[in-house]
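In case you want the letters, here they are:
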Amino acid sequence: MSPAVETSNFDLAAEQLEAFSSLNRLEARGTLRIALKDSGFSARSVAPDQLRVVIERLLPEHLRDRGVSEPEEICQRLVDFLPNESSSANAETPEAIFARLGSH
Amino acid sequence: MIEIAGLFGMIAFVATSLAVGIRILLLAARTRLFPETTVGLSLFLAGGVGTALLIAPLFLEDPEPQTPYFLYQFGTAICHVGYGLLFVFVWRVFRREEKWALVLYAACTAGLFVGAVGMALELQPEAAMLGNFTSNSVWFWISLGARFVGYVWASAESFRYYGMLKKRLEFGLADAAVASRFLYWGVSLSAVVVIWINTAVQQLMSGSEDVRWASLLITAVLGLLVAISLWFAFFPRRPKAVASGGVSDAAEGVAQ
């Protein structure tokens, strides 16, 4: 997966978060970025299926902390918006390389 | 006794580097992929063959006068090639998109090359015969500085990734075995960083007998630490449980 595509996964989710919630562009991007960081991902390299898990499990709490109403519903809409790609089709991430280095 | 312990640590380091290097190179022969080729060659050359050549004179009884000189020259050259391969691995695996990383990689590699060539041209056969392999020259310090920066970078990337994967584990988005591989590799690289610091202290205080003994002891401990952590990092063990779920399975797929 190219960096441009990786960036657009985050951008797409942040744009939708801005549209679905009361957050402005900066708040939406910042909130999503913090949720990603808290779960060990960076906006540059997160895959859609990973982003989906972060949105489902971590983002509602971050949105609630920022006074956004109905965070679960917003996150469900965000998840529905994401492309159905799997990270297993990903290019060479460090974890994929290190997994291979220990394989039989 | 301390000399024997120091030697034991180095032998453990060489043996493990060779074993792990060969194992990864066999993987590289199957996959024909760049990361395993570079890191496998790096371990095989720098930790294995190169270091073995450097300590070989200690095992030779009454060698030919030129033998230590040639062993040192070949060993140093091979080690430097291995260090350079590690740097290219770190750059390509962790930071291939970032310009600062390319600059850092290029600077470290240039330092290695300049230092190695300078050290090779500087060493006189007579000095090598007397066991004086390294001098307090600018070439030595350029090479050591490049090694230090490159290995600090490598260990920082490894620990950073371990931290990220540890967070992902809470969500079932990482493989515990892969996370610990980053940790152990970081530990082995950090031990090498301390070896470089130890080398620098030894060089700066070369007249002190106490420093020499302390340095040997540190080398023994660090050699063993590198050997153990490399072994744990790259010899596969039964993976620990990963949290269940569709996405976890996908993440596990990446890790396999």
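Conventions used here
For every chain, the first residue of its written sequence is number 1, and the numbers climb from 1 along that sequence. For naming, the first written chain is A and the first written ligand is 1, with later ones following in the order written. pLDDT decides what is reported in this predicted model: residues at 70 or higher carry local features, side-chain atom pairs at 80 or more are listed and counted, and totals for whole chains, interfaces and linings draw on all residues regardless. The helix and strand labels rest on DSSP assignments: H or I over at least four residues marks a helix, E over at least two residues marks a strand, and numbering proceeds from the N terminus. We call a residue exposed when 12 or fewer other C-beta atoms sit within 10 Å of its C-beta, buried when the count reaches 20 or more, and partly exposed for counts in between; the C-beta positions come from the backbone. The contact rule is simple: place each C-beta atom from the backbone, and if two of them lie within 7 Å, those residues are in contact. The pLDDT score gives, residue by residue, the confidence of the prediction method on a 0 to 100 scale. Nonpolar cores are built from buried Ala, Val, Leu, Ile, Met, Phe, Trp, Tyr and Cys residues. These are joined into a set through C-beta atoms within 7 Å. Between N-to-C directions, angles cover 0 to 180 degrees, with each direction set by a line fitted to C-alpha atoms, over the stretch in contact for helices. What sets the label is the angle itself: under 35 degrees gives roughly parallel, over 145 gives roughly antiparallel, 65 to 115 gives roughly perpendicular, and the rest give oblique. Just so you know the grouping, Ala, Val, Leu, Ile, Met, Phe, Trp, Tyr, Cys and Pro go in nonpolar, Asp, Glu, Lys and Arg go in charged, and all remaining residues, Gly too, go in polar. Left-handed describes a crossing whose near helix is turned anticlockwise from the far helix by less than a right angle; the clockwise case is right-handed.

**Student:** Explain the overall build of chain A to me, and be specific about the residues and the numbers.
**Tutor:** A tally of regular secondary structure across chain A gives six helices and zero strands. Ordered by position from N to C terminus, the α and β elements of chain A give α-α-α-α-α-α. Looking at chain A as a whole, 41% of its 104 residues qualify as buried. Of all intrachain contacts in chain A linking residues separated by at least 6 positions in sequence, the fraction that spans at least 24 positions is 57%.

**Student:** Provide a residue-level description of the overall build of chain B, including the pertinent values.
**Tutor:** Helix and strand counts for chain B stand at nine helices and zero strands. Secondary structure elements of chain B occur, N-terminal to C-terminal, as α-α-α-α-α-α-α-α-α. Within chain B, the fraction of its 256 residues that count as buried is 46%. Partitioning the contacts of chain B with sequence separation of at least 6, the portion at a separation of at least 24 is 75%.

**Student:** I'd like a rundown of the confidence of the model for chain A, residues and numbers included.
**Tutor:** The predicted structure's coordinates, where accompanied by low pLDDT, should not be read in detail. Per-residue pLDDT for chain A averages 85, and the proportion of residues at 70 or more is 85%. In this model, residues 1-6 of chain A is a region of pLDDT below 50 whose contacts with residues beyond four sequence positions or in other chains number seven contacts.

**Student:** Account for the nonpolar core, with residues named and values stated.
**Tutor:** A:L32, B:L86 and B:L165 are the most contacted members of the largest nonpolar core, which totals 94 residues. No other element matches the 13 residues that helix 3 (residues 67-94) of chain B contributes to this core. Every residue in contact with A:L32, bar those within four places of it in the chain, is listed here: A:F10, A:A13, A:A14, A:L17 and A:L59.

**Student:** Please set out the confidence of the model for chain B residue by residue, giving values where relevant.
**Tutor:** All names here are of chain B. Confidence in the prediction for chain B averages 87 pLDDT; 88% of positions are at 70 or higher. Every residue in residues 241-256 scores below 50 in pLDDT, and together they form 37 contacts with partners more than four places removed in sequence or on other chains. For this predicted complex, the interface score ipTM comes out at 0.85, while the overall pTM is 0.84.

**Student:** Could you give me a rundown of the packing of helix 3 of chain B against helix 4 (residues 99-122) of chain B, with the residues and numbers involved?
**Tutor:** Each pair of packed helices can be described by the angle between their axes along with the distance between the axes. Residues and elements named next belong to chain B. As a packed pair, helix 3 and helix 4 sit with axes 10 Å apart at the nearest point and diverge in direction by 180 degrees. By the angle between their axes, helix 3 is roughly antiparallel relative to helix 4. In this structure, helix 3 contributes Q73, T76, A77, H80, Y83, G84, F87, V88 and W91 to the contact, and helix 4 contributes A101, L102, Y105, C108, T109, L112, A116, M119 and A120. Across the contact of helix 3 with helix 4, the residue classes tally to 13 nonpolar, five polar and no charged.

**Student:** Go over the environment of B:A174, please, and point to the residues and values.
**Tutor:** Residue and element names in this part refer to chain B. For A174, the location among the structural elements is in the loop between helix 6 (138-169) and helix 7 (176-204). You can call A174 buried: it has 27 C-beta atoms within 10 Å. As a C-alpha pair, A174 and F234 span 60 residues in sequence and 17 Å in three-dimensional space.

**Student:** Can you break down unusual backbone geometry residue by residue, with the values?
**Tutor:** Residues other than glycine seldom take positive phi values, yet A:E70 does so here, at roughly 50 degrees. Residue A:E70 is classed as partly exposed on the basis of its C-beta count, with 14 C-beta atoms lying within 10 Å. Of note, the phi angle at B:R32 is positive, near 55 degrees, even though the residue is not glycine. Position of B:R32 among the secondary structure elements: in the loop between helix 1 (2-31) and helix 2 (34-55). A residue is classified by how many C-beta atoms lie within 10 Å of it, and B:R32, with 8 of them, is exposed.

**Student:** I'd like a description of the packing of helix 7 of chain B against helix 8 (residues 209-234) of chain B, backed by residues and values.
**Tutor:** Residue and element names in this part refer to chain B. Viewed as axis vectors pointing N to C, helix 7 and helix 8 meet at an angle of 165 degrees, and their least axial separation amounts to 8 Å. With respect to helix 8, the element helix 7 is oriented roughly antiparallel. Two packed elements cross with a definite hand, and for helix 7 against helix 8 that hand is left-handed. Packed against helix 7, whose contacting residues are R181, Y184, W185, V187, S188, A191, V192, V194, I195, N198, V201 and Q202, the element helix 8 presents V211, S215, I218, T219, L222, L225, V226, S229, L230, F232 and A233 at the interface. Here the residues of the contact of helix 7 with helix 8 sort into 16 nonpolar, six polar and one charged.

**Student:** So what about helix 3 (residues 48-57) of chain A? Which residues, and what values?
**Tutor:** Because each turn of an α-helix spans 3.6 residues, side chains separated by three or four positions in sequence point in the same direction. Counted residue by residue, helix 3 of chain A has eight buried out of 10 residues, so it is predominantly covered. If you check which residues of helix 3 of chain A are buried, you get A:P48, A:D49, A:Q50, A:L51, A:R52, A:V53, A:V54 and A:I55.

**Student:** I'd like a description of the environment of A:E70, backed by residues and values.
**Tutor:** For A:E70, the position within the fold is in the loop between helix 4 (59-65) and helix 5 (71-81). Sequence separation of A:E70 and A:S21 is 49 residues, and the distance between their C-alpha atoms is 8.9 Å.

**Student:** Outline the environment of A:F20, listing residues and values.
**Tutor:** Summarising the element assignment, A:F20 is placed in helix 1 (residues 3-20). Counting along the chain gives 78 residues from A:F20 to A:F98, while the straight-line C-alpha distance between them is 38 Å.

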